[in-house]
Amino acid sequence: LSLWVPYHTGAVPLELPLQARTDPVVLRALELPEAEADREYYRGAVRVARERPGLFLKTFALKMAKFWRLYPYADRPYNYPFRWVQAVYLFSDGWILPLGALALVLTFRRRERLVFVWAPLIVLTLVHGAFWAVTRYRLALMPLVILCAAAVLLQGRKMPLIKPAQILVEGLSADTKVRRG
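As the structure is a prediction and not an experimental result, all values here were calculated from the model.

Looking now at the packing of aromatic side chains. Summed over all chains, the structure comprises 5 aromatic pairs. Ring centres of F56 and F60 lie 6.3 Å apart, and the angle between their planes is 25°; on these two criteria the pair is classed as stacked. Here F60 and F56 lie together in helix α4 (residues 53–67), a separation of 4 residues that amounts to about one turn. Taking relative accessible area as the criterion, F56 reaches 24% and is therefore assigned partly exposed. Here Y71 and F82 contribute two aromatic rings whose centre-to-centre distance is 6.3 Å and whose plane-to-plane angle is 65°, an arrangement assigned as edge-to-face.

Counted at 1.5 Å a residue, the expected span for helix α3 (residues 34–51) with its 18 residues is 26 Å, and the 25 Å between its end C-alpha atoms agrees. Turning to α3, the residues buried within the fold contact α2 (24–30) and α4.

Close contact between α3 and α4 brings their axes to 5 Å; oriented N to C, the two are set at 115°. One element, α3, and the other, α4, form an angle in the roughly perpendicular class. Note on element contacts: α4 touches α3 through P53, L55 and F56, opposite V48, A49, R50 and E51. Looking at the contact of α3 with α4 residue by residue, the class counts come to 5 nonpolar, no polar and 2 charged.

This part is about the packing of helix α6 (residues 115–130) against helix α7 (residues 142–154). Between α6 and α7, whose axes approach to 10 Å, the crossing angle comes to 130°. Regarding the angle of α6 to α7, the classification is oblique. Here α6 runs over α7; the crossing is left-handed. Of the residues in α7, those touching α6 at F116, V117, P120 and L121 are L144, V145, L147 and C148. Of the residues assigned to the contact of α6 with α7, the class counts are 8 nonpolar, no polar and no charged.

Attention now goes to the nonpolar core. Judged by nonpolar contacts, the single largest core of 17 residues is most densely connected at I96, L104, V117, L121, M142, V145 and C148. Broken down by secondary-structure element, the contributors of at least two residues to this core are α5 (82–106), α6 and α7. Tallying contributions element by element places α7 first for this core, with 6 residues. Apart from the residues within four sequence positions on either side, M142 is in contact with D93, I96 and L97. By size, the runner-up hydrophobic cluster in this structure holds 5 residues, among which are V26, A29, A37 and Y41.

Thresholds, definitions, all that
- Residues numbered from 1 in each chain as written.
- Predicted model: local features only at pLDDT ≥ 70, side-chain atom pairs only at ≥ 80, totals over all residues.
- Heavy atoms only, no water.
- Phe/Tyr/Trp six-rings, centres within 6.5 Å; stacked < 30°, edge-to-face > 60°.
- Helix = DSSP H or I, 4+ residues; strand = E, 2+ residues; numbered from the N terminus.
- Buried < 20%, exposed > 50% of the residue type's maximum accessible area, 1.4 Å probe, protein only.
- Expected span 1.5 Å × (residues − 1).
- Contact = heavy atoms within 4.5 Å.
- Axes fitted to C-alpha atoms, helices over the stretch in contact; angles between N-to-C directions.
- Parallel < 35°, antiparallel > 145°, perpendicular 65-115°, else oblique.
- Nonpolar A, V, L, I, M, F, W, Y, C, P; charged D, E, K, R; others polar.
- Left-handed = near helix turned anticlockwise from the far one by under 90°.
- Core = buried A, V, L, I, M, F, W, Y, C linked by side-chain atoms within 4.5 Å.

Structure, rendered in structure tokens:
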């Protein structure tokens, strides 16, 4: 369905955009029970990926970007003013995500040693990008991202670390030394 419903909406059939309301896949799926409709969307998505790879890749990239957004969309109903929601997201994820990404960039050369960090981040990002990406789905990955962010902050500090953080910090230090040397 995410190929037909814009990736940023939570549209239900009555709110479908005009392009989706005239699409044959959507029209067939709306008449089917949920499980069959899901199969119809899947077949349609496979067909789009095969026949229009550019559209599929664009949609895939937009969903991966959505998965790692720093804050939610403003056009959703919230119990609090959006500025408060945005501030909370930026206060929590606004510094953790960039530092976690920096750790991944800095440890790229040692990724085979850090497969326990790299593999889940890459695999789950790709899975959610291929299907349906919602920022709350990344919660399972946040401990790894926080660990990466902490490793960047702790790089060069002399303090006891848990083993995964120690490996990350060593990875950061080793890559930094290689670049300087």
